[in-house]
Amino acid sequence: MTTALDAAELRSRLVAPNGPYAALDVVASTASTNADLAGSGAADRTVLIAGEQTAGQGRRGRSWSSPEGGLYVSVLFRPAGVPADRLPWLNLIAGLALLRVAQSVGVEASLKWPNDLLLGASAGKGAGILSEITADGSVVVGIGLNVAKLPADVEPAPGGLAPTSLEDLGAAELDRGELAFRLLVELAGLEGVWRKNGGDAVESGVLEEYAEHSSTVGRRVRVELAGGVELLGVAQRIEPDGTLTVRGDDGEDHGVSAGDVVHLRPA
């Protein structure tokens with residue numbers, strides 16, 4: 001059972017001077033929380049939460065299913081002092097925050113590079129992340145977490161990942177307000193340490209933690225790249241810049257900065 005979100009309660013706990021965020025708003029429905037924040041001129045660490053999205057987008061412009069009962073959050077960051085080439089780490093940091101939240105309610109979780117949270121022994125998709133660097137240099141991080149039981153007509157994610165949710169996997173006491181609070185606290189903590197270290201993933205510890213919980217590293221994968229190009233091989237490691245190194249079937253190591261990764265069954 002999920003509960004409605006109390007905006008005033010969340011603001012009292014998360015917005016300055018009591019918390020790390022500059023502003024927080026909750027809306028019942030919107031087309032896309034990312035689109036609402038992008039280019040809005042909002043302050044660093046502004047949060048927008050929606051009960052549902054009617055035109056949510058995933059990677060490569062795909063539609064992002066956002067049924068009622070999920071948690072749909074976007075946060076705008078302006079990480080001063082972090083070089084632009086390190087900003088993609090915010091996407092992976094959001095994954096770590098999600099993983100911590102899932103574990104806190106007793107659900108097994110792992111991370112599929114670069115933007116999926118996998119839940120349960122069957123590794124179904126429980127959350128997705130879409131980060132966008134805007135024209136003014138800010139980064140909007142959008143998170144969609146499946147909380148309530150999913151309707152039967154939710155389609156599989158790209159690559160055939162079966163969708164699942166926290167409630168589908170037996171998580172108890174799913175108060176969405178408390179989940180939103182935990183998620184935003186974890187996100188602010190991880191991002192804050194990363195920012196203080198100038199976006200250095202090694203010094204801030206986020207690379208080590210991400211690698212520890214990666215379900216992609218060590219797996220045989222198919223990477224679907226731009227232009228219909230495919231790379232087959234074994235994922236070797238996450239690099240300090242956040243890219244994925246895949247040892248291709250040609251025996252060469254390939255750095256992947258963007259692409260859809262499909263986990264393949266062992267031959």
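It should be noted that the structure appears before, not after, this text.
Residues numbered from 1 in each chain as written. Predicted model: local features only at pLDDT ≥ 70, side-chain atom pairs only at ≥ 80, totals over all residues. Heavy atoms only, no water.

Undergrad: So what about the pattern of salt bridges? Which residues, and what values?
TA: For the structure shown, the criterion picks out 17 salt bridges. Note that aspartate 136 is salt-bridged to arginine 78, the shortest N-O span being 3.2 Å. Placement of the pair is aspartate 136 in the loop between strand 6 (124-133) and strand 7 (139-145) and arginine 78 in the loop between strand 3 (71-77) and helix 3 (89-104), with a sequence separation of 58 residues. Take aspartate 136: its relative accessible area is 42%, and that puts it in the partly exposed class. Owing to a relative accessible area of 26%, arginine 78 belongs among the partly exposed residues under this scheme. Put simply, arginine 195 and glutamate 191 hold a salt bridge, and the shortest N to O gap is 2.8 Å. Of this pair, arginine 195 and glutamate 191 both sit in helix 4 (residues 176-196), four residues apart, roughly one helical turn. Summarising the burial analysis for this pair, arginine 195 and glutamate 191 share the class buried. Among the ionic contacts, a cluster of salt bridges with common partners joins Asp44, Arg45, Glu191 and Arg195. (Salt bridge = Lys/Arg side-chain N within 4 Å of Asp/Glu carboxyl O. Helix = DSSP H or I, 4+ residues; strand = E, 2+ residues; numbered from the N terminus. Buried < 20%, exposed > 50% of the residue type's maximum accessible area, 1.4 Å probe, protein only.)

Undergrad: Break down helix 3 for me, citing the residues and quoting the values.
TA: Taking 1.5 Å of rise per residue, 16 residues should cover 22 Å, and helix 3 covers 23 Å from first to last C-alpha, within 8% of that figure. Counting buried positions along helix 3 yields 13 of 16 residues, so the element is predominantly enclosed. Positive backbone phi, at 80 degrees, marks glycine 106, one or two positions downstream of helix 3. (Expected span 1.5 Å × (residues − 1).)

Undergrad: How would you sum up the sheet that holds strand 1 (residues 23-30)? Please name residues and give values.
TA: Read across the open sheet, the seven strands follow the order 1-2-3-7-6-5-4; overall the sheet is mixed. Of all the strands in the sheet, the pair left with one neighbour each is strand 1 and strand 4 (109-112). Geometrically, the sheet is characterised by an average inter-axis angle of 20 degrees between neighbouring strands, direction not taken into account. Strand contacts of helix 1 (residues 7-14): strand 1 and strand 2 (46-53), with the helix running at about 155 degrees to strand 1, the strand carrying the most contacts. Relative to the sheet, helix 4 contacts strand 1, strand 2, strand 3 and strand 7, its axis offset from that of strand 3 by approximately 25 degrees. (Pairing = 2+ DSSP bridges. Axes fitted to C-alpha atoms, helices over the stretch in contact; angles between N-to-C directions. Contact = heavy atoms within 4.5 Å.)

Undergrad: Can you break down the packing of helix 3 against helix 4 residue by residue, with the values?
TA: Contact geometry for helix 3 and helix 4: axes closest at 9 Å, N-to-C directions at 140 degrees. Compared by their axis directions, helix 3 and helix 4 come out oblique. Helix 3 and helix 4 meet at a crossing whose hand is right-handed. Facing Trp89, Leu90, Ile93, Ala94, Leu96, Ala97, Leu98, Arg100, Val101 and Ser104 of helix 3, the residues of helix 4 in contact are Leu179, Arg182, Leu183, Glu186, Leu187, Leu190, Glu191 and Trp194. (Parallel < 35°, antiparallel > 145°, perpendicular 65-115°, else oblique. Left-handed = near helix turned anticlockwise from the far one by under 90°.)

Undergrad: Which residues make up the environment of leucine 10, and what values do they have?
TA: Along the chain, the position of leucine 10 falls in helix 1. For leucine 10, a relative accessible area of 2% puts it in the buried group. For the pair leucine 10 and glycine 120, spaced 110 residues apart in the sequence, the C-alpha separation amounts to 29 Å. Excluding anything up to four places from it in sequence, leucine 10 contacts Leu5, Val15, Leu24, Val26, Ile49, Gly177, Ala180 and Phe181.

Undergrad: So, the nonpolar core: which residues are in play, and what are the values?
TA: Ile49, Leu71, Trp89, Leu117, Leu166, Leu184 and Leu187 are the most contacted members of the largest nonpolar core, which totals 64 residues. Of all hydrophobic cores here, the second largest spans five residues; its members include Leu37, Ala42, Leu48 and Leu76. (Core = buried A, V, L, I, M, F, W, Y, C linked by side-chain atoms within 4.5 Å.)

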